[in-house]
Structure formats: structure tokens, C-alpha cells
Amino acid sequence: MLLTVVLILFFILLLIGVPIYLVLSGLAVMVWVVEGDPLVSLGQQYANHLNSYTLVAVPLFVIAATFMQRGGVARALIDMASAWVGRTRGALGIVCILATALFAAISGSSVATALAIGAVLIPAMKQRGYPITFATGTIGAGGTLGILIPPSLAMLIYGIIVDESVPRLFLAGVIPGLIQAALLMAYVRYYAVRYDLPVEEPMDRQQFITANLNAMPALLVPIIILGGIYSGLVTISEAAGLSAVVAMIVSLTFYREIRLRDVLPILADGVRQTGVIIFIVLAALTFAHWLTGAGVTRALVGFIEHMDLTALQFLIAANIIMFILGMFLEVISVILIFVPLVVPVLLKLDIDPIHFGVILVVNMEIALLTPPVGLNLFVLKSVADTGIDKVIRGVTPYIGLMLVLLVFITLVPAVSTWLPDLVFGAR
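Definitions and limits used
Residues numbered from 1 in each chain as written. Predicted model: local features only at pLDDT ≥ 70, side-chain atom pairs only at ≥ 80, totals over all residues. Heavy atoms only, no water. UniProt positions renumbered as here; feature names shortened; annotations may be inferred. Core = buried A, V, L, I, M, F, W, Y, C linked by side-chain atoms within 4.5 Å. Buried < 20%, exposed > 50% of the residue type's maximum accessible area, 1.4 Å probe, protein only. Contact = heavy atoms within 4.5 Å. 1 Å grid on protein atoms, 1.4 Å probe; cavity = no way out; pocket = protein on both sides within 12 Å on 5 of 7 lines; lining within 4 Å. Points joined across faces, edges and corners; volume = space filled by probe spheres on them. Nonpolar A, V, L, I, M, F, W, Y, C, P; charged D, E, K, R; others polar. Helix = DSSP H or I, 4+ residues; strand = E, 2+ residues; numbered from the N terminus. Axes fitted to C-alpha atoms, helices over the stretch in contact; angles between N-to-C directions. Parallel < 35°, antiparallel > 145°, perpendicular 65-115°, else oblique. Left-handed = near helix turned anticlockwise from the far one by under 90°. Salt bridge = Lys/Arg side-chain N within 4 Å of Asp/Glu carboxyl O. Expected span 1.5 Å × (residues − 1). Arc of directions from axis to C-beta.

- For the chain, an unreviewed UniProt entry supplies the name TRAP transporter large permease protein and the organism Rhodobacter flavimaris.
- UniProt's Function (unreviewed entry) comment on the chain is quoted here verbatim: "Part of the tripartite ATP-independent periplasmic (TRAP) transport system."
- What UniProt records for the chain under Subunit (unreviewed entry) is the sentence "The complex comprises the extracytoplasmic solute receptor protein and the two transmembrane proteins."

1. Regarding the nonpolar core
Point 1. The biggest cluster of nonpolar side chains holds 141 residues, and the ones touching the most others in it are Leu 121, Ile 157, Tyr 158, Phe 314, Ile 335, Phe 356 and Met 364.
Point 2. Not counting the four nearest positions on each side in its chain, Ile 157 is found in contact with Val 58, Ile 277, Ile 332, Ile 335 and Leu 336.

2. Regarding empty space enclosed by the protein
Once rolled over the atoms, a probe with the size of a water molecule shows which space is left empty.
Point 1. Applying the stated criterion across every chain, the model contains one cavity of 30 Å³ or more.
Point 2. Considering only enclosed or pocket space, the largest cavity measures out at about 40 Å³ in volume.
Point 3. A breakdown of the residues in the lining of the largest cavity according to their chemical character gives six nonpolar, two polar and one charged.

3. Some points on the layout of surface pockets
Point 1. The space that makes up the largest pocket amounts to roughly 1000 Å³.
Point 2. Lining the largest pocket are 42 residues, and of these Ile 280, Glu 330, Val 331, Ile 332 and Leu 375 sit closest to its centre.
Point 3. Residue assignment for the lining of the largest pocket shows that the elements contributing at least two residues are helix H1 (2-15), helix H4 (57-70), helix H7 (110-127), helix H9 (153-162), helix H14 (260-293), helix H16 (311-328), helix H17 (331-348) and helix H19 (375-384).
Point 4. Among the elements that line the lining of the largest pocket, the one with the most residues is H4, at six residues.

4. Side note on the packing of H16 against helix H20 (residues 388-411)
Point 1. Their axes nearest at 10 Å, the elements H16 and H20 cross at an angle of 150°. Considering the angle they form, H16 stands roughly antiparallel to H20. Seen from above, H16 lies across H20 with right-handed handedness. Side by side, H16 and H20 meet where Leu 312, Leu 315, Asn 319 and Phe 323 of the first sit next to Leu 403, Leu 406, Thr 410 and Leu 411 of the second.
Point 2. In terms of residue class, the contact of H16 with H20 is made up of six nonpolar, two polar and no charged.

5. Comments concerning the pattern of salt bridges
Point 1. This model, assessed by the stated rule, comprises four salt bridges.
Point 2. Across the pair Arg 75 and Glu 257 runs a salt bridge whose closest N-O atoms are separated by 3.7 Å. Placement of the pair is Arg 75 in helix H5 (residues 73-85) and Glu 257 in the loop between helix H13 (236-255) and H14, with a sequence separation of 182 residues.
Point 3. Accessibility expressed as a relative area gives 44% for Glu 257, which makes it partly exposed.
Point 4. One salt bridge in this structure joins Arg 168 and Asp 421, with 3.1 Å as the shortest N-O distance. Of this pair, Arg 168 sits in helix H10 (residues 166-172) while Asp 421 sits in helix H21 (residues 414-424); the two residues are 253 residues apart in sequence, bridging distant segments of the chain.
Point 5. In this structure Arg 168 comes out as buried when scored by relative accessible area, which is 7%.

6. Re helix H11 (residues 174-194)
Point 1. The end-to-end C-alpha distance of H11 is 30 Å, a good match for the 30 Å that 21 residues give at a rise of 1.5 Å each.
Point 2. Along H11, the positions that sit buried rather than exposed are Pro 176, Gly 177, Gln 180, Ala 181, Leu 184, Tyr 187, Val 188, Tyr 191 and Ala 192. Along the axis of H11, the buried residues cluster in a sector spanning 145°; they form a single face. The exposed residues of H11 that point more than 90 degrees off its buried face are Leu 178 and Arg 194.

7. A word on the environment of Asp 269
Point 1. Tracing the sequence through the fold places Asp 269 in helix H14.
Point 2. On the basis of relative accessibility, which here comes to 12%, the residue Asp 269 falls in the buried class.
Point 3. Between the alpha carbons of Asp 269 and Ile 399 there is a distance of 31 Å; along the sequence they are 130 residues apart.
Point 4. Dropping the residues within four chain positions of it, Asp 269 is found in contact with Thr 66 and Arg 70.

Set out below in C-alpha cells:
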């Protein structure tokens, strides 16, 4: 009975617009009180969840992304991408995909990627006569690479939830991320030729060299993060700390778009963003803990056994559920609500958690572009100063391409697992 009431309240509160962290934390408190458990035990649950060494990496990656977003890194990466593909028809569209892929390897955040690259490229694309629908759609789709190409905040949180190797998860996103970037660039090229988009002026040799050299400090961050992790010199949390420090130094000394007086406000903004994430994490984990204790996960496993679903049938059903959830909840909320429920099912059906993690993240990429809650839509609406309807029209073809990618990754687990198994050994 209590479970039914809780689930009904959960959906009602979401539908009337109550923030997800208040829904989860409020319901957690309610079930603790109704069941007669002392609230001090709820506090103990929060403390237990906070006692995670990997969780320390979350605020540090967020702070690094904030420095990169404001410190001139995006412009340097765009200039480098332009140096390589500037003579191609519709070059700014291809530059967008390349720049978002590079920025994704620095920030780990889709919204930060779309905002940083969009703030520079959308005005440039408008000036060169690109349709605003195409400009916003390309940047929105490219921005989703921020949670697929490592380092990825979504992968990090998923790894915490399922107690899986974060380095393996990071590597699992590399090949799908490259495939996605290639698909997006192929569409950009098709669109550019069909609608006769402009060709940019070629750079001379000196400009080419300067643009590439100027981007080198920005590329230090992914080298430090990924090189440190996979060489075994640093842990995930230590790599996150190094990335925050290097991002600050690069922004202050090389690109100089921020000054010392900006450091504390940027840190405060990063901490504020982290606070929201951590609060959602704690509330969702505690709520999931209660759901497990209430027998929901056991019932779900029993239902799967009763239906005699195969692994592929379950993954298809999970994709549909995640697509629907992603339309109404933001990325971290979906991960924290859905994943704890299905972990026992993954074990029962012998589904590799690494493979499922990539499927989940690609679903969340699509969620960032689907109304009514897709965050990238609203970021681009603000940056481009245009109607949300135009942004939605712009991203629609890219959603189709990403659904094709999702089907491919679901059907071919090796796309996700081959590289981690090559580096760390098969399990």
C-alpha cells in the first residue's frame, strides 16, 4: 500500500513541476516517518552515501568545466578545428562537431559544451548566413558528446551507482563517441552540399600553425586526465583535481579571458552546481535504497523471470523506458532513479554493466535534445535568442541519427566493450 502511494505521489509531484530533488528527498523523509524509523537513520544513510572517494571527483570535474567554459578554451578549440576543415563547404558546421568533441574531452558536461561552443559559433554561423535551425541543431547534437566522450560526468555517476570501474566506463564511450561524431559530420556535409552553404576563406600557413599552437594548452587537460588515469599515476579523484587546477591555470595564463578576481566567483558557481548534483544524488540513492528494501527490485526481477525475457528484449524495453523518462527528467535524475532498479536484472540476464552504461548515456544524450525538459534546447534558445520551436526543428534530424546509433550499440555490445577489454583485459 505504501509503495503504491509513494509511486502515485512521485508522478503527481513531477507533473505539477516540483523539483526532482524535493520530490525524492520529501518522499524519502515521508517513508522514514511512516515506517517509524528514526530520522537520524536517514541522516546516516546520507552520510554513508557521501563516504565515497569517487564522489569527490564530481565537484572537481564541474569546477574544471566551469573554468574551461569561461576561460577562452572554446575559442581556441574552434580556431584549431577551423584550421583543419576551413576549406570544406559548410565548414562551420563541421568545425562545430570537431570543437564539441574536443571540448567534451575536457569538460565532461553536455550543457557546458553546448553553451561554450554555441556562444562563439552561433553568432558566426548567423553572420555567414547559416539557417538558425541548422546552427542550433548542430551545436545541440554536438554538445551531447560531452557526456559520452571521456571524461563524462554521467559515466562517473553511473559508475558510482553500479560500483563499476570508472576508467573502463570512460574507455567504453570512446568508440561510440567517435562514431556519433562521424555520423553528425556526415549529415552536416550532406546538408551543406544540398543547401549550398558557404565555404570559408582558407588560412595561410602561419595562421594554421598559430591556431594549432594556441590550442595546445587547452589539450593539456584531457592529456592529464586520461593519461594520468590510464598510466596508473593518479586515481579518478586525483585526475579530477588536477584537471581543475590545470583548467584554472590555462584560463588565467594562456587565454586570459578571466582574471584573478574572477576565480572565486567561478569556484562559487562550480560549487553551487555541484551542490545541486550532490543533493539529487543523495536523495535518489536514499529513495532507491528504500525501494530496494520495499521489494521493488525483487518484484522487477521476478517479473522479468515470469515474462521469460531475453537480454536483448530487456534492453529494447529499457531503451523505451529511458527514452520516455528522458523526456520528463534531467539526465542525473534518470540515472539515479532507473539504474538502481535494473542492476539486479542486468546480473540476472548476464548483461555487461559497461555495455548497459553506454546504452544509458546515449539515451541520455537523446534526452538532452527532446522536449519538454531537454536542457540543451533551453541553453541554445538562450544563446541563439530564438524560439524554442526553431531549436526543436533543428535538432530533430540529429535525434534520428542518434537513434540509429543507439540501435547499433544495443545490438553490438563489442562497440562498447572492445576497447576496455583490450586495455584492461576481458572479464
